[in-house]
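Each chain, letter by letter, is given below.
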Amino acid sequence: MKTQVAIIGAGPSGLLLGALLAKAGIDAVILEAKSPDYVLGRIRAGVLEQVCVDLLDSVGVGARMHREGLVHGGFELAFGGARHRIDMKGLTGGKQVMVYGQTEVTRDLMDDRAAKGLATIYEAANVSLHDFDGTKPRVRYQKDGATHEIECDFIAGCDGYHGVSRASVPPSAIQTFERVYPFGWLGVLSDTPPVSHELIYSNHERGFALCSMRSPTRSRHYVQCSLDDKVEQWSDDAFWDELRRRLDPEAAESLVTGPSIEKSIAPLRSFVAEPMRFGRLFLAGDAAHIVPPTGAKGLNLAATDVGYLGAALAEYYNVRSSAGIDSYSQRCLRRIWRAERFSWWFTSLMHKFPDTGAFGQKMQAAELDYLVNSVAASTTMAENYVGLPL
Ligand code: APR
Ligand code: PHB
């Protein structure tokens, strides 16, 4: 089989890149290791920056998001028994975010791809990347017991943190930067009304908590947990009790509980791989970088990576210029490092760290006090949360 761009991975990065390339008239095939149901079963964050909303609109998949998504102009920080609102909209000259689950974004992109008859090969086993340092890259995979090969001009590695793309690059050609945090997030999805109409990020002496949502009737909540914890050890009741303890009295009072639909533990990590281009292989999304979920930057970074990559490839094919391809890595990494900084900072501010003790807690309390009482500090936080300009 021949195509112009072989995309590895049908997560949000691969699917959005596929849509951007289709719109530019570029032929692409997506190879995905798992089934569509498996991909849709993964629950991730759900806060979209305007640039991400714009990209989804630009490929014509934004209709359901605008119908069902919730536009938020602020969020709340809870600490010391009270809540303080960060007025994102007021502080940034009108910018807001869209609360719409990553699963729904993925579903919309998948449905659009299927409706247009664009090629996606699910359950592709043993995907391997070849000759991307030359002019004729190839991708091999197995499906239903047979081996197949795709000849292409470029490979887009959109296969997440554990994918084959980054692992195919010689270690001497890549530099990685990493911080692993000493705790995880236990997340619960439930058909219960959200605690408040906006998100609540809580710093509490027992640990961090987050009240988020997917719709007016579906909530997504998290509590900081130990990395040794197992999901099975957390009954629904234990989760709700712990969440309630970490909220201010008013939020605790209004918390509506119910059975969990999904419950999972995720570790927290900051990670960046540099560069993001190796000859005719490009890395995008989680294949190149991970942020801790505090601030929900993961999906937004994935979207802007493939926004840059889609534009660079369109420039290559349509106006015969390599300028976009040549600057891809540098453009992405500038934006990525700024989001890494924000996510690391917000994580450091809100969680209980085992090793910083009482002094660390006092520093957090002083910073939170400053943050909510200084227009300068609140503005800094708001402009990062809504997303820095491209
Ligand atoms: N071959 C083919 N597909 C693969 C392989 C492989 N060897 N390895 C992984 N994949 C697939 C995974 O099954 C997954 O569907 O690549 C896809 C990668 O998707 P994601 O992990 O969702 O990564 P990405 O599309 O970059 O999306 C980033 O996801 O983790 C969140 O916070 C993150 O919101 C961000 C978003
Ligand atoms: C979520 O809704 O899952 C979510 C929201 C905001 C975050 C992280 C996760 O910062």
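Our subject in this report is the structure included herewith. No experiment lies behind these values; they were computed from the predicted model shown.

All right, on to unusual backbone geometry then. Across the junction of E274 and P275, the peptide omega takes the value -10°, indicating a cis bond. With respect to the helices and strands, the residue P275 is situated in the loop between β17 (260-274) and β18 (277-278). Not every positive phi belongs to a glycine, and D131 is a case in point at roughly 60°. Considering the arrangement of structural elements, one finds D131 in the loop between β9 (125-130) and β10 (138-143). We classify D131 as partly exposed; its relative accessible area is 38%. For A296, which is not glycine, the phi torsion reads 55° and is therefore positive. Relative to the elements of secondary structure, A296 occurs in the loop between β20 (289-290) and α10 (298-319). Assessed through its relative accessible area of 7%, A296 is described here as buried.

Once that is clear, we can look at the sheet that holds strand β15 (residues 209-215). Taken in spatial order, the eight strands line up as β6-β5-β14-β15-β16-β13-β17-β20 in an open sheet, and their pairing is mixed. The open sheet has two edge strands with one neighbour each: β6 (82-86) and β20. Packing against the sheet, helix α11 (residues 323-350) makes contact with β5 (75-79), β13 (175-190), β14 (200-202), β17 and β20, and its axis sits at approximately 130° to β17.

This next bit is on helix α13 (residues 375-386). Between its terminal C-alpha atoms α13 stretches 16 Å, which fits the 16 Å expected from twelve residues at 1.5 Å a residue. Every buried residue of α13 is listed here: A377, S378, M381, A382, N384, Y385 and V386. The N-cap residue of α13 is S374: its side-chain oxygen and the backbone nitrogen of A376 are 3.2 Å apart. Within two residues after α13, G387 carries a phi angle of roughly 110°, on the positive side.

All right, on to the site of ligand 1 then. Around ligand 1 sit 24 residues in total, of which S13, E32, R42, Q102 and D286 are the nearest. Side-chain polar atom of R42 to an oxygen atom of ligand 1: 2.7 Å apart, as the coordinates give it. In the model, an oxygen atom of ligand 1 is placed 2.8 Å from a nitrogen or oxygen of the R44 side chain. Expressed as a share of its isolated accessible area of 710 Å², the protein-covered part of ligand 1 is 86%. Listing elements by their share of the shell around ligand 1, those giving two or more residues are α1 (12-23) and α10. For the shell around ligand 1, the element with the most residues is α10, which contributes three residues.

Attention now goes to the site of ligand 2. Around ligand 2 there are 16 residues in total, and Y201, S212, R214, Y222 and P293 lie nearest to it. Take Y201: an N or O atom from its side chain is 2.7 Å from an oxygen atom of ligand 2. Interatomic distance of 2.6 Å between a side-chain N/O atom of S212 and an oxygen atom of ligand 2. Taking 280 Å² as the accessible area of ligand 2 by itself, protein coverage stands at 100%.

Bringing the packing of aromatic side chains into the picture now. The geometry of an aromatic ring pair is captured by the separation of the ring centres together with the interplanar angle, meaning the angle of the planes. A complete count under the given rule lists 20 aromatic pairs for this structure. Ring geometry for Y161 versus F271: centroids 5.1 Å apart, planes at 85°, classification edge-to-face. With Y161 in the loop between β12 (154-157) and α7 (164-167) and F271 in strand β17, this residue pair connects regions lying 110 residues apart in the sequence. Assessed through its relative accessible area of 18%, Y161 is described here as buried. Ring centres of Y201 and F346 lie 4.8 Å apart, and the angle between their planes is 50°; this geometry places the pair in the tilted category. One end of the pair, Y201, is in strand β14; the other, F346, is in helix α11, and 145 residues separate them in sequence. As far as the burial class goes, Y201 and F346 line up, both buried. Among the aromatic residues, ring-to-ring pairing joins F75, W185, Y201, F208, Y222, F342, W345, F346 and Y385 into one connected group. Across the ring face of Y38, the terminal group of K34 is positioned such that the distance to the ring centre comes to 4.7 Å. Just above the ring of Y385 sits the side chain of K297; from NZ or CZ to the centre is 5.8 Å.

Conventions and cut-offs
Residues numbered from 1 in each chain as written. Chains lettered and ligands numbered in written order. Predicted model: local features only at pLDDT ≥ 70, side-chain atom pairs only at ≥ 80, totals over all residues. Heavy atoms only, no water. Helix = DSSP H or I, 4+ residues; strand = E, 2+ residues; numbered from the N terminus. Buried < 20%, exposed > 50% of the residue type's maximum accessible area, 1.4 Å probe, protein only. Pairing = 2+ DSSP bridges. Contact = heavy atoms within 4.5 Å. Axes fitted to C-alpha atoms, helices over the stretch in contact; angles between N-to-C directions. Expected span 1.5 Å × (residues − 1). Polar contact = N/O pair within 3.5 Å; in protein donor to acceptor, adjacent residues only side chain to side chain. Near = heavy atom within 4 Å. Areas by Shrake-Rupley, 256 points an atom, 1.4 Å probe, with all protein chains shown as cover. Phe/Tyr/Trp six-rings, centres within 6.5 Å; stacked < 30°, edge-to-face > 60°. Lys NZ or Arg CZ within 6 Å of the ring centre and 35° of its normal.

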